[in-house]
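Residue-level structure breakdown
Each chain, written out:
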Amino acid sequence: MVRETGLLEGFRDCHCHLLPGVDDGVKEFDETVQILKELELCGLKEVWFTPHIMEDIPNKPEELREKFKNTGTGLEKNDDLKIEIHLAAEHMMDGLFVKRLEENEVMPIGRDCDKLLVETSYYTPPMNMADIIERIKTKCYDPILAHPERYQYMDKRDYKMWKQRGVLLQLNLPSLVGAYGPEVQWKAEWLLKEGMYDYCGTDTHSINQLDMFLNSVMSKKIVKTVKKIAEAQEL
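Everything quoted here is computed from the prediction, not taken from an experiment. (Residues numbered from 1 in each chain as written. Predicted model: local features only at pLDDT ≥ 70, side-chain atom pairs only at ≥ 80, totals over all residues. Heavy atoms only, no water.)

It is worth spelling out the pattern of salt bridges at this point. Within this structure, the stated rule accounts for 15 salt bridges. As a salt-bridge pair, Glu-84 and Arg-111 come within 2.7 Å of each other at their nearest N and O atoms. Taken together, the residues span a long stretch of sequence, with Glu-84 in strand β4 (residues 84-87) and Arg-111 in the loop between α3 (97-102) and β6 (115-119) at a distance of 27 residues. Since its relative accessible area comes to 36%, Glu-84 is described here as partly exposed. In this structure, Lys-115 engages Asp-114 in a salt bridge whose closest nitrogen and oxygen atoms are separated by 3.1 Å. Three or more residues joined by partner-sharing salt bridges are found here, namely Arg-12, Glu-46, Glu-84 and Arg-111. (Salt bridge = Lys/Arg side-chain N within 4 Å of Asp/Glu carboxyl O. Helix = DSSP H or I, 4+ residues; strand = E, 2+ residues; numbered from the N terminus. Buried < 20%, exposed > 50% of the residue type's maximum accessible area, 1.4 Å probe, protein only.)

Note on sheets: strands pair through backbone hydrogen bonds, and any given pair is parallel or antiparallel. Across the sheet, six strands lie side by side as β3-β5-β6-β7-β8-β9; this open sheet has parallel pairing. Bordering the open sheet on either side are β3 (52-53) and β9 (199-201), each of which pairs with just one other strand. (Pairing = 2+ DSSP bridges.)

The N-to-C vectors of helix α1 (residues 29-41) and helix α2 (residues 61-75) enclose an angle of 60°; their axes lie 11 Å apart at closest approach. As far as their axial angle goes, α2 and α1 are oblique. The way α1 lies across α2 gives a crossing that is right-handed. Contact with α1, carried on its side by Phe-29, Val-33 and Leu-36, involves Thr-71, Gly-74 and Leu-75 of α2 and no other residues of that element. (Axes fitted to C-alpha atoms, helices over the stretch in contact; angles between N-to-C directions. Parallel < 35°, antiparallel > 145°, perpendicular 65-115°, else oblique. Left-handed = near helix turned anticlockwise from the far one by under 90°. Contact = heavy atoms within 4.5 Å.)

Structure below.
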């Protein structure tokens, strides 16, 4: 099982939905605590909360920061919980994204605030995606594309093209155990084999989802490869 492989020992999770009550992730504070304790037992030392910012979930940075502050205050009361938490966001490159970007209504990831976690629809790319990526870079952010293996419209040529254009790729770990289906798993394994991933995250939305992942089987070879990525990623 994944929980027994040491995969998450010293791991930094750069993508999860554990800020309670703000998106399609965790709804209650108690579940956030439960998940963080489970992750800490697996050796994970640092977590970036990345709630959605998108047309359908129009979170505002100042509101998310306030919610994160209150959540942090609550977590401080759990003396046995030592895991380090940070706040960023997962930004949908939708019709409002460029406006948010130009108005600095985005939440970068990383201690130097120099990276931006972004996503697209699973089925179709945004219009003028190349232009959007360049706008992100013009604002001095390195774009990190969340879970590229899940985008049905992308193929090998697309991944290679975006890498050449300076887009960083973030692996969803559950993709490697079939959590999103066999096609996504195949893509994830291919991207991993080709050395195209730069970051890893769990994309945890609930305790049930996390338990399913931790209780899944992952080969030693894949664990070893993922750990190399995790050790090299800088946030």
